[in-house]
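Residue strings, one per chain:
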Amino acid sequence: MEFLFDMPVRLFAQQNAVEKHQEEFGKYGKRCLIVTGHNSAKACGALDDVTKALDNQGIAWKVFDQVGQNPLVSVCYQGGREAIAFGADFIVGIGGGSPLDAAKAVAAFGADPELTPEGLYQPHRLSALPLLLVGTTAGTGSEVTRFSVLTDDKGHKRSWGNASSYARASFGDPRYTLSLNRKFTLSTGLDAVAHALESYFSVEGDQVSQSFAMMALKLLLPALKEVWLAEGEPTLECRERLYLGSLYGGMAINRTGTAFCHTMGYWLSEEREIPHGFACAVFLPDFIQYTVPLAPEKAMKLFSALGMYAQELCDTIIMLTDAEYEPATDEELEGLLDRWENSPNMKRTPGSFDRQQQRRIAEKVLQKKG
């Protein structure tokens, strides 16, 4: 038996979590910058819950709501300057993956006036303001991971994260996901499925990460089928299963990171505006077909737990995925292969996932030659 598990986030996962544990906000100071998107935190009720909790604790607060989809490092840097100007003692991030990932960067920029946007990606340990996160989608898992994916000044999505980018506490209330429409629910849910599958087969995996990944998939796949088949809105019970599955998926990738589906999928979000979850999911059938022969015993254990085999799993993911896009040109593909040359995600993929293998799958999926 050999495994490593480290999750320093204090997690409150339940309905009305912010209200029930509002004293947690009082532990980190008297001035707070709230980092969020333009509308979603208000629409789902999370922003009102957080500001009420801060008021109850006697904490002054200010909202920075400039975070968009695929958040820019430059916007996070601006948020850090706002935190400094406001004299923020801590940061609260509210939203899905984009605002939560942005809040991690704002906490870093807000703690160090000398930190530059490019400096965020340096491997040394960074200082950061205390960070609390309130999730509003069931997919990212950012509430429990150190990872943050931001878009640089070249328009490329890049991941960073270290010991300082963990939240001190996170609040997971599935009620906030009730405002999400069907397509968004499917996309974020497929992001969590990608986390679980990529982590399960990762070369970095161990017993603990594989257990979290398997628990995630056992919750996510039936719940997503239910969303797909439902004539009306998904029930709160269904959304609870999706949210818990997304947390388990986050716990899995916090140990292992992701594999090639995420790295290859970034381009679809950057250049073809495909939602992140769908952009990852289009690669999952090929990921499954590639990895199963390399780890047959591990695969059979997973398929037995899920009650489905490889082809049914692939068919289910294809059914749930909504992604239409213009194929990549030969020039775009060559640029991507160069960009992926030293990607850690490629190295986490089982087998010798070299440039030739990357080209084969990219031509099939991105150029639709398969």
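Rules used throughout
Residues numbered from 1 in each chain as written. Predicted model: local features only at pLDDT ≥ 70, side-chain atom pairs only at ≥ 80, totals over all residues. Heavy atoms only, no water. Pairing = 2+ DSSP bridges. Helix = DSSP H or I, 4+ residues; strand = E, 2+ residues; numbered from the N terminus. Axes fitted to C-alpha atoms, helices over the stretch in contact; angles between N-to-C directions. Contact = heavy atoms within 4.5 Å. Buried < 20%, exposed > 50% of the residue type's maximum accessible area, 1.4 Å probe, protein only. Nonpolar A, V, L, I, M, F, W, Y, C, P; charged D, E, K, R; others polar. Left-handed = near helix turned anticlockwise from the far one by under 90°. Expected span 1.5 Å × (residues − 1). 1 Å grid on protein atoms, 1.4 Å probe; cavity = no way out; pocket = protein on both sides within 12 Å on 5 of 7 lines; lining within 4 Å. Points joined across faces, edges and corners; volume = space filled by probe spheres on them. Patch = residues over 30% accessible without salt bridge, like charges linked within 9 Å, V, L, I, M, F, W, Y side chains within 5 Å. Areas by Shrake-Rupley, 256 points an atom, 1.4 Å probe, with all protein chains shown as cover. Salt bridge = Lys/Arg side-chain N within 4 Å of Asp/Glu carboxyl O. Core = buried A, V, L, I, M, F, W, Y, C linked by side-chain atoms within 4.5 Å.

## A closer look at the sheet that holds strand E5 (residues 131-135)
The six strands are arranged E1-E8-E5-E4-E2-E3 in an open sheet whose pairing can be described as parallel. Of all strands in the sheet, those with a lone pairing partner are strand E1 (10-13) and strand E3 (60-67), marking the two edges. When strand polarity is set aside, the average angle formed by the axes of neighbouring strands in this sheet is 15°. Strand direction decides the pairing type here: strand E2 (residues 31-37) and E3, joined by six bridges, are parallel. For Leu33, the partnering residue across the bridge sits in E3 and is Lys62. Where helix H5 (residues 97-111) meets the sheet, its contacts fall on E2, E3, strand E4 (90-95) and E5, and the angle it forms with E4 comes to roughly 165°.

## Topic: the pairing of strand E8 (residues 169-172)
Of the two faces of E8, the one holding Ala169 and Phe171 and the one holding Ser170 and Gly172 are both buried throughout. Pairing of E1 with E8, which is carried by four bridges, proceeds in the parallel orientation. Residue pairing across strands places Ala13 opposite Gly172, the latter belonging to E8. In terms of strand pairing, E5 meets E8 through four bridges, oriented parallel. What sits directly across from Leu132, in E8, is Ala169.

## Considerations on unusual backbone geometry
The residue Asn16 is not glycine, and still its phi comes out positive at about 60°. Under the relative-accessibility criterion, Asn16 is labelled partly exposed at 25%.

## What about the pairing of strand E7 (residues 157-160)?
One ladder, built from four bridges, connects strand E6 (residues 148-151) with E7; its direction is antiparallel. Following the sheet pairing, Ser148 is matched in E7 by Trp160. Between E6 and E7, which follow one another and run antiparallel, lie five residues, and Gly155 among them has a positive phi close to 85°.

## Focus: the packing of helix H6 (residues 182-201) against helix H12 (residues 296-306)
Taken N-terminus to C-terminus, the directions of H6 and H12 make an angle of 145°; their axes are 10 Å apart at the nearest point. Residues Leu197, Tyr200 and Phe201 of H6 form the contact with H12, whose participating residues are Lys298, Ala299, Lys301 and Leu302. Taken together, the residues of the contact of H6 with H12 break down into five nonpolar, no polar and two charged.

## Looking at the packing of H6 against helix H8 (residues 236-256)
One can describe the packing of H6 onto H8 by two numbers: an axis separation of 8 Å at closest approach and a directional angle of 35°. Our pair here, H6 against H8, has a crossing hand that is left-handed. Contacts between H6 and H8 involve Thr185, Ala192, His195 and Ser199 from the former and Arg239, Leu242, Ser246, Gly249, Ala252, Ile253 and Thr256 from the latter. Grouping the constituent residues of the contact of H6 with H8 by class yields four nonpolar, six polar and one charged.

## A look at the environment of Met300
Positionally, Met300 belongs in helix H12. Distance from Met300 to Leu150, taken between C-alpha atoms, is 36 Å for residues 150 residues apart in sequence.

## Let's talk about H5
In a regular helix each residue adds 1.5 Å, so 15 residues correspond to 21 Å; H5 covers 22 Å between its end C-alpha atoms and thus fits that length. Burial runs high along H5: 14 of the 15 residues are buried.

## Quick word on the layout of surface pockets
Considering only enclosed or pocket space, the second largest pocket measures out at about 390 Å³ in volume. Along the wall of the second largest pocket there are 16 residues; nearest its centre are Val282, Pro285, Ile318, Tyr325 and Val365. Every element with two or more residues in the lining of the second largest pocket is listed here: helix H11 (284-291), helix H13 (310-320) and helix H16 (355-365). Tallied by class, residues from the lining of the second largest pocket come to eight nonpolar, four polar and four charged.

## Focus: the side chain of Asn345
Topologically, Asn345 is positioned in helix H15 (residues 344-348). Those residues in contact with Asn345 that sit more than four places away from it in its chain are Thr258, Ala259, Phe260, His262 and Thr263.

## Quick word on a nonpolar patch on the surface
A surface patch of nonpolar side chains, amounting to about 290 Å² of accessible area, comprises Trp228, Leu229 and Met319. Here Leu229 lies in helix H7 (residues 207-229).

## Structural notes on the nonpolar core
As a rule of thumb, nonpolar side chains are buried together in soluble globular proteins. Judged by nonpolar contacts, the single largest core of 71 residues is most densely connected at Leu197, Phe260, Leu268, Phe283 and Leu366. The dominant element in this core, judged by the number of residues it contributes, is H7, at twelve residues. When neighbours within four sequence positions are excluded, Leu268 is seen to be in contact with Glu273, Ile274, Ala279, Val282, Phe283, Tyr325 and Leu366. Cys76, Ile91, Ala102 and Ala105 belong to the second-largest nonpolar core, a separate cluster that totals 31 residues.

## Side note on the pattern of salt bridges
Summed over all chains, the structure comprises 21 salt bridges. With a closest N to O distance of 3.4 Å, Glu118 and Arg158 form a salt bridge. Of this pair, Glu118 sits in the loop between H5 and E5 while Arg158 sits in strand E7, and the two are 40 residues apart along the sequence. A relative accessible area of 26% places Arg158 in the partly exposed class. Notably, a salt bridge pairs Arg158 with Asp152, separated by 3.6 Å at the nearest N-O pair. Using a relative accessible area of 11% as the deciding quantity, one classes Asp152 as buried. Several salt bridges share partner residues, and in doing so they unite Glu334, Asp338, Glu341, Arg355 and Arg359 into one network.

The analysis is restricted to geometry; functional conclusions fall outside its scope.
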